[in-house]
Amino acid sequence: MFYRAVPNTPGRVGSVLESFLPWLGLAVVPLLLYGLLRRAPATLVALLLPVAVWTHLFGGLLPPPEAAGPHDLVIVQHNVADDNPDPAGTARALAGSGADLIALEELVPDTLPAYERALAARYPHHVVRGTVGLWSRHPLSGARTLDIKPARLTEPWSRGLRAVAATPHGEVAVYVAHLPSVRIVPRGMTSAGRDESAVLLGRAVADEPLDRVILMGDLNGTVDDRGLAPLTSRLEVPRRGFAFSFPAGLPLVRIDQVMARSATVGGIDTLPATGSDHLPVRARIALG
């Protein structure tokens, strides 16, 4: 109930807790079994409080994404992994999703041509900046690189772009970003680079002159993680669906995000696994 009161120092404990927040509801299960085995009515009544708190925080995500209502755009976000053994197969699977916009991260020179060839027929418009790219059914303009590089990094690093998509419903500023990775080590979470990039990306979104904004990317954080507050305080997050996307073999968290401004991210779900260690996520957007 009071997870925001957990301090982030030492070891960014608060962010670690927030990354796995929905899973804390599992604590109710052994408590329920204990109450049933001991025939302890007081324990069962006491369980109503954590159940009510969890339902308040996450119950709205339980209905299927389709329950979110009508939408104008379908978005797919996927970190394709730089060591993906089947980039062409991954691209074909994403093209079959029916998306209007596809954002990809971890594009590398050896595999980029495979994605370009496989997506060209259905997505005639695309831009790539560094290791991130955007494919669109609709014309793109105003493409530029976003400077979200943490100050401590000295090597070449380009993981953000901004472009304008001319959709049938009007122009939308589309941002694609891949924030630095975080690690959970014995002393806690190492997220300083991720947090710094989130601040830079949040400033870029705040300065965006177009009202409608869609942000897609591997943000290496959940929407509950306070490290992404520079973004979640400015953008709307999905209303339906958990869509845990990482790791692909046993998804525990959603770090692949779709957020929006002056638009509604109605629902989000995952697509079948590709050759990546992330699952693709698909979101439905209603433009306001």
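Described in the following lines is the structure provided in the data block. Since the structure is predicted, the reported quantities are computational estimates derived from the model, not experimental observations.

### Structural notes on the packing of helix H5 (residues 87-95) against helix H6 (residues 112-119)
- Interhelical geometry of H5 versus H6 gives an angle of 35° and a closest axis separation of 8 Å. Of the two possible hands of crossing, H5 and H6 adopt the one that is right-handed. Across from Pro87, Ala88, Thr90, Ala91, Arg92 and Ala95 in H5, the residues of H6 making contact are Ala114, Tyr115, Ala118 and Leu119.
- Residues that form the contact of H5 with H6 fall into these classes: eight nonpolar, one polar and one charged.

### Notes on a nonpolar patch on the surface
- The grouping of Phe20, Trp23, Leu26, Val29, Leu32, Leu33, Leu36, Leu37, Leu44, Ile184, Leu250 and Leu252 at the surface amounts to a nonpolar patch, some 1,100 Å² of accessible area in total.
- Looking at the secondary structure, you find Leu26 in the loop between helix H1 (13-19) and helix H2 (28-38).

### Digging into helix H7 (residues 192-206)
- Here H7 spans 21 Å end to end across 15 residues, near enough to the 21 Å set by a 1.5 Å rise per residue.
- Those residues of H7 that fall on the buried side of the exposure criterion are Gly193, Arg194, Asp195, Ser197, Ala198, Leu201, Gly202, Ala204 and Val205.
- Structurally, H7 contributes buried residues whose contacts are with H1, strand E7 (170-178), strand E9 (188-190), strand E10 (213-218), helix H8 (229-232) and strand E11 (256-261).

### Comments concerning the nonpolar core
- Among the nonpolar cores identified, the biggest contains 25 residues, and Ile75, Leu134, Ile214, Met216, Val258 and Ile285 are the most heavily contacted of them.
- Element by element, the count of residues in this core is highest for strand E13 (residues 281-287), at four residues.
- Excluding residues within four positions of it along the chain, Ile214 makes contact with Leu73, Ile75, Val172, Ala173, Val174, Tyr175, Val258, Met259, Ala260 and Ile285.
- Listed in part, the 19 residues of the second largest apolar core include Ala177, Ala204, Val205 and Val213.

### Considerations on the pairing of E7
- Counting buried residues along E7, seven of its nine residues qualify, which places the element largely inside the surrounding structure.
- In terms of strand pairing, strand E6 (residues 160-167) meets E7 through eight bridges, oriented antiparallel. Paired with Ala163 across the strands is Val174, a residue of E7.
- Two successive antiparallel strands, E6 and E7, enclose a turn made up of two residues.
- Of the pairings in the sheet, the one linking E7 to E10 comprises six bridges and is parallel in character. If you follow Ala173 over to E10, its bridge partner there is Val213.

### Here's the deal with the sheet that holds strand E12 (residues 263-270)
- Read from one edge to the other, the open sheet built from six strands follows the order E3-E4-E2-E1-E13-E12, with strand pairing classed as mixed. What marks the edges here is a single partner per strand, and that holds for strand E3 (125-129) and E12. Each strand axis lies, on average, 15° off the axis of its neighbour in the sheet, ignoring direction.
- Pairing geometry for E3 and strand E4 (residues 132-136), over five bridges, is antiparallel. Within the sheet, the bridge partner assigned to His125 lies in E4 and is Ser136.

The rules we used
Residues numbered from 1 in each chain as written. Predicted model: local features only at pLDDT ≥ 70, side-chain atom pairs only at ≥ 80, totals over all residues. Heavy atoms only, no water. Axes fitted to C-alpha atoms, helices over the stretch in contact; angles between N-to-C directions. Helix = DSSP H or I, 4+ residues; strand = E, 2+ residues; numbered from the N terminus. Left-handed = near helix turned anticlockwise from the far one by under 90°. Contact = heavy atoms within 4.5 Å. Nonpolar A, V, L, I, M, F, W, Y, C, P; charged D, E, K, R; others polar. Patch = residues over 30% accessible without salt bridge, like charges linked within 9 Å, V, L, I, M, F, W, Y side chains within 5 Å. Areas by Shrake-Rupley, 256 points an atom, 1.4 Å probe, with all protein chains shown as cover. Salt bridge = Lys/Arg side-chain N within 4 Å of Asp/Glu carboxyl O. Expected span 1.5 Å × (residues − 1). Buried < 20%, exposed > 50% of the residue type's maximum accessible area, 1.4 Å probe, protein only. Core = buried A, V, L, I, M, F, W, Y, C linked by side-chain atoms within 4.5 Å. Pairing = 2+ DSSP bridges.

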